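Chains, contacts and geometry: an overview
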Amino acid sequence: MKRTPLAIILFFMLFAQWTYAEDFSKNAEVSIKFYDRTMYYPGEADSNPVYVHITVSNTGSDTLRFKLADDRMFSIDFTAFTVKNAQLEQNQNLIRKRTTNQTVYFREISLEPGEQYSFIENLKNYLEINTPSIYYVKLTFYPELYRNKLVQLESNRLSLEIRPTPQAASSSMVSVKAESAAILSPEEISPDKVVEQTIVARQKSLWDQFFLYMDIEEMLKRDPTRSRRYNSVSADERAEMIRSFKADLMQQRIDTDIVAIPHKFEIETTTYSQNEGSVKVLEWFKNDKFLEKKRYTYHMRQRDGIWQIYDYTVDNLGTE
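Residues numbered from 1 in each chain as written. Predicted model: local features only at pLDDT ≥ 70, side-chain atom pairs only at ≥ 80, totals over all residues. Heavy atoms only, no water.

1. Examining the pairing of strand β10 (residues 276–286)
- Of the pairings in the sheet, the one linking strand β9 (residues 264–272) to β10 comprises eight bridges and is antiparallel in character. Paired with Thr-271 across the two strands is Ser-278, which belongs to β10.
- Taking the residues between adjacent antiparallel strands as the criterion, β9 and β10 are bridged by three residues.
- Here β10 pairs with strand β11 (residues 291–303) via 11 bridges, running antiparallel. If you follow Val-281 over to β11, its bridge partner there is Tyr-296.
- Where β10 folds back on β11, the antiparallel hairpin that results is connected by four residues. (Pairing = 2+ DSSP bridges. Helix = DSSP H or I, 4+ residues; strand = E, 2+ residues; numbered from the N terminus.)

2. Focus on unusual backbone geometry
- One non-glycine residue with positive phi stands out, namely Gln-252, at about 55°.
- Mapping Gln-252 onto the fold places it in the loop between α7 (235–250) and α8 (256–259).
- On the accessibility criterion, Gln-252 (43% relative accessible area) is partly exposed.
- Residue Asp-304 is not a glycine yet carries a positive backbone phi of 55°.
- Position of Asp-304 among the secondary structure elements: in the loop between β11 and β12 (306–319).
- Of the residues examined, Asp-304 reaches a relative accessible area of 78% and is grouped as exposed. (Buried < 20%, exposed > 50% of the residue type's maximum accessible area, 1.4 Å probe, protein only.)

3. What to know about the side chain of Arg-98
- Mapped onto the fold, Arg-98 is located in helix α2 (residues 92–99).
- Once residues lying within four places of it in the same chain are set aside, the contact partners of Arg-98 are Met-73, Phe-74, Ile-76, Asp-77, Gln-90, Tyr-146 and Arg-147. (Contact = heavy atoms within 4.5 Å.)

4. Focus on the pattern of salt bridges
- Within the structure shown, the criterion is met by 17 salt bridges.
- The partner of Glu-268 in a salt bridge is Arg-295, with the nearest N and O atoms 2.7 Å apart. Taken together, the residues Glu-268 in strand β9 and Arg-295 in strand β11 connect sequence positions 27 residues apart.
- For Glu-268, a relative accessible area of 24% corresponds to the partly exposed category. (Salt bridge = Lys/Arg side-chain N within 4 Å of Asp/Glu carboxyl O.)

5. Concerning a nonpolar patch on the surface
- Together, Tyr-35, Tyr-51 and Ile-120 make up a nonpolar patch on the protein surface, roughly 280 Å² of accessible area in all.
- Mapping Ile-120 onto the fold places it in strand β6 (residues 116–122). (Patch = residues over 30% accessible without salt bridge, like charges linked within 9 Å, V, L, I, M, F, W, Y side chains within 5 Å. Areas by Shrake-Rupley, 256 points an atom, 1.4 Å probe, with all protein chains shown as cover.)

6. What about the sheet that holds β12?
- Strand order in the open sheet formed by four strands is β9-β10-β11-β12, and the pairing between neighbours is antiparallel. Whereas interior strands pair on both sides, the edge strands pair on one side only; in this sheet they are β9 and β12. Across the sheet, the axes of successive neighbouring strands diverge by a mean angle of 20°, strand direction being ignored.
- Sheet strands in contact with helix α3 (residues 191–203) are β9, β10, β11 and β12, and its direction is about 155° off that of β9. (Axes fitted to C-alpha atoms, helices over the stretch in contact; angles between N-to-C directions.)

7. A look at the environment of Tyr-40
- Summarising the element assignment, Tyr-40 is placed in the loop between β1 (28–34) and β2 (51–58).
- According to the relative accessible area criterion, Tyr-40 is buried, its value standing at 3%.
- The spacing of Tyr-40 and Ile-162 is 122 residues in sequence and 5.1 Å in space, taken between C-alpha atoms.
- Sequence-distant contacts of Tyr-40, that is, excluding residues within four places in its chain, are made with Phe-34, Tyr-35, Asn-48, Pro-49, Val-50, Leu-160, Glu-161, Ile-162 and Arg-163.

Here's what the structure looks like:
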């Protein structure tokens, strides 16, 4: 008989949770999209993050209330599957956090009808992504925190492409043609592949290929003096300036950074929108007893589906 009041209390608690879960799922929506989308590779969360923009929306007519942990790992889950339906494993740090006895700090969020609450999380803090593939990703949101899985809401699904990691010595990865520019034509390849192919062409002294994805006119105009002169002369004189500029580059008389030959290189990050992009590359240059390390940032523009390099910057990172 003594168990009856306890059983009744448990029943009402479960009923209340079930009712809340039912109401929450009817009046809330959680959606995800990639934030600042770039090229994604296997590896550490810090070096190549996969940032996801998460939005919780009140789609009902009443105030929506939920808890949100300060450490979002206690409020959300990511799951990802390959095209063969194999599920990715959870990050070990995530598992340790959830299996360690600790206080979970959170705050109460209230959304009025039509309001939204958004935040950004790194997918790689939740899942082990070690293999290039196409993955299908979705999020599970726990409005009463992770330990109360009775109440949860699932998001839409995203398609995530993880590309093979570019090798530090990439010259063996890219096929570079040795034919003349008369029979070479640029292809609709991604910004990182454009930069990779351009560097490899320089390593092999294939000048036609090196200039193939380069906006020579814009590169010439990087120098203010050259730019003023170029803008003031005739079309024939401009054509001659471009021919001279390319010849000077090949002789390494000007803009020596862009024609320097790296001993090895590694594409670090690639960011692009519809028509503008940038590719950051770590490059090592061999001296007698050490390697000089530099970070090149190649600025790119897309025209008629073709990405071209039109500017660059170089940061010295010391020696190794």
